[in-house]
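The primary structure of each chain is shown beneath.
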Amino acid sequence: MTLRWFTLVGAVAAAAVGVLGVVSTTAADRPTPKPSEQSLRALGARHGLSVGTAVDMQALDDAADPRYSSLVASQFSTVTAENVMKWALLEPTRGTYDWTAADKLIDFARKNNQRVRGHVLVWQNQLPKWLTDGVAGGTIGKDELRGLLQKHVTDVVTHFKGKIWQWDVVNEGLSDPWDTPNEIHYKGFWNEQLGPGHVADAFRWARAADRDVLLFYNDYNIEAFGDGGPKDKVQFLYNEVNKLISQGVPIDGIGSQGHLGTQYGNYDALQVADTIQRFTDLGLAYAFTEVDVRSQMTPAVKSGNSAEMNPRLQASAANFSALLQGCLASRHCLSFTFWGFTDKHSWIPTWDFGTGKGAEGMATLYDESYQPKRALNTLKADLLYAGPPNVQPRIAHKPRRDLPAR
Ligand code: XIL
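Just so it is clear, the model here is predicted, and its values are computed rather than measured.

Each value, and the rule that gives it
Residues numbered from 1 in each chain as written. Predicted model: local features only at pLDDT ≥ 70, side-chain atom pairs only at ≥ 80, totals over all residues. Heavy atoms only, no water. Helix = DSSP H or I, 4+ residues; strand = E, 2+ residues; numbered from the N terminus. Buried < 20%, exposed > 50% of the residue type's maximum accessible area, 1.4 Å probe, protein only. Areas by Shrake-Rupley, 256 points an atom, 1.4 Å probe, with all protein chains shown as cover. Lys, Arg positive; Asp, Glu negative; His and termini not counted. Charge placed at Lys NZ, Arg CZ, Asp CG, Glu CD. 1 Å grid on protein atoms, 1.4 Å probe; cavity = no way out; pocket = protein on both sides within 12 Å on 5 of 7 lines; lining within 4 Å. Points joined across faces, edges and corners; volume = space filled by probe spheres on them. Nonpolar A, V, L, I, M, F, W, Y, C, P; charged D, E, K, R; others polar. Salt bridge = Lys/Arg side-chain N within 4 Å of Asp/Glu carboxyl O. Pairing = 2+ DSSP bridges. Right-handed = clockwise from strand over helix to strand, strands pointing away. Core = buried A, V, L, I, M, F, W, Y, C linked by side-chain atoms within 4.5 Å. Contact = heavy atoms within 4.5 Å. Disulfide = S-S within 2.5 Å.

(A) Looking closely at the overall build of the protein. Scanning the protein for helices and strands turns up 15 helices and 10 strands. Taking the principal axes of its C-alpha atoms as reference, the protein extends roughly 90 × 55 × 45 Å. The buried share of the protein, reckoned over its 406 residues, is 52%. Here the protein has roughly 18600 Å² of accessible surface; of this, 54% comes from carbon and sulfur atoms. The distance from the centre of the 41 positive side-chain charges to the centre of the 43 negative ones in the protein is 7 Å.

(B) Up close: the layout of surface pockets. The space that makes up the largest pocket amounts to roughly 1000 Å³. Forming the boundary of the largest pocket are 45 residues, of which Tyr220, Gln257, His259, Trp347 and Phe353 lie nearest the centre. When residues of the lining of the largest pocket are traced back to their parent elements, those giving at least two are helix 3 (57-61), helix 11 (233-246), strand 7 (259-261) and strand 8 (285-296). Classifying every residue of the lining of the largest pocket by side-chain character gives 17 nonpolar, 16 polar and 12 charged. By volume, the second largest pocket is sized at about 270 Å³.

(C) Inspection of the pattern of salt bridges at higher detail. On inspection of all chains with the given rule, the structure shows 18 salt bridges. Of the charged contacts, one joins Lys34 and Glu37 as a salt bridge, the two residues approaching to 3.8 Å between their closest N and O atoms. A single burial state applies to Lys34 and to Glu37, both of which are exposed. Note that Glu144 and Arg94 form a salt bridge whose closest N and O atoms lie 2.8 Å from each other. One end of the pair, Glu144, is in helix 8 (residues 142-159); the other, Arg94, is in the loop between helix 5 (87-90) and helix 6 (100-111), and 50 residues separate them in sequence. Taking the relative accessible area as the measure of exposure, Glu144 reaches 33% and is therefore partly exposed. One salt-bridge network, in which partners are shared between bridges, spans Asp107, Arg110 and Lys111.

(D) Broad picture of the pairing of strand 5 (residues 214-219). Here strand 5 lies mainly inside the structure; 6 of its 6 residues are buried. Residues Leu214, Phe216 and Asn218 point to one face of strand 5 and Leu215, Tyr217 and Asp219 to the other, with burial holding for every one of them. Here strand 4 (residues 166-171) pairs with strand 5 via 5 bridges, running parallel. When the bridges of strand 5 are listed, Asn171 appears paired with Asn218. In terms of handedness, the path from strand 5 via helix 11 over to strand 6 (residues 253-256) forms a crossover that is right-handed.

(E) Highlighting the nonpolar core. Of all hydrophobic cores here, the largest spans 101 residues; its most connected members are Trp167, Phe288 and Phe338. Ignoring any residue separated from it by four or fewer positions in sequence, one finds Phe288 in contact with Glu223, Ser256, Val272, Ile276, Leu323, Cys327, Cys333, Ser335, Phe336 and Thr337. Judged by nonpolar contacts, the second largest core, of 6 residues, contains Leu214, Phe216, Ala285 and Ala287.

(F) Examining helix 4 (residues 66-75) more closely. Here helix 4 has its buried residues at Tyr68, Leu71, Val72, Ala73 and Gln75. As for helix 4, its buried residues are in contact with helix 2 (40-45), strand 1 (50-55), helix 3, strand 2 (78-81), helix 6 and helix 15 (374-384).

(G) The state of the cysteines, seen in detail. Considering all chains together, one arrives at 1 disulfide under this definition. A disulfide bridge connects Cys327 with Cys333, and the sulfur atoms are separated by 2.1 Å. Between Cys327 and Cys333 the disulfide shows an S-S torsion of about -100 degrees. By sign, it is left-handed. Relative accessible area serves as the criterion here: at 0%, Cys327 is assigned to the buried category. For Cys333, a relative accessible area of 0% translates into the label buried.

So this is what it looks like as structure tokens:
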């Protein structure tokens, strides 16, 4: 009886091999899907790397656009709120919080087994009007403003306690070489109002509200070191972070936004890897937090002229890849997040980068009709054809707390 059963199974299996060319039939060693059919999140998981996207909550909720939410769920293991955790959206009226949209994202992430990056606690943009008007009109003075910032950081971190993996505590606090003066310096609303000490304060307030969350400083144009001089933003950040660590400030990681453009020189993977290592040698974790690669939308590009499109698509793939390979090279580079994944919902065409809205675009992995671009398979290949000795599994970071000054 048993023998006959085996014979039957064997015959069926042999037939399957003959017809399908498939050798094994058990679930454990079912043939892996073709590389192009594997998801980014599955390929990232081979290295313990979380692959994420910023999420536009309107698109996620849009029943007429089901591809959006299905790709967020299937391709990514980390999500970031593109807007709904920003102060203007959380507290549009002073003293009244609206957590609805942010909580929806947390819920979506839980259902889809995703981690959440919190974005953002201290930033000069997307502040509530009551706050900026109050400061401009003189009804909110410096002491009150500092108290409001402390309350904001505390309330928001407390609300999401236990649900967020990494917080962007301070965002875009530094100038760029094209600002005046061109020596890098702290800049923006919070620095003008409260001075650079607000950075250390914010990290301490965030840590006091959640002992277990990883706390990040997040910025753009910090993908690779420059000449080490006074115009080198990465060098300035490195020096400042080193100081914060020596003062016992609980900073856990550096978030590099990674907003690149194909019209710029950008960086190669080795420059990126060197930069990550300088920071991680300080004991910090690292993350790419807002990666996209935009291109100039000339009339020919807009009309779909392939002679102008192809070099952009190739340069875009190469730039995405330089950041991902640099990240893979470090066991402390924990997550790689795209700032949106389809041109249909990308912020780039809505933004004026100096030459008008709509002048730049094509910045994401899928076009406006959700067709994958060259960059998607390039990144899948980077994840697939990497492993020991040069690419090793990520090392989890413990939050820094109760630190004495060194
Ligand atoms: C952008 C959003 O993508 C837009 O929808 C919004 O209008 C403006 O902000 N750096 C950041 C992000 O840290 O929060 C910004 O997000 C993009 C640049």
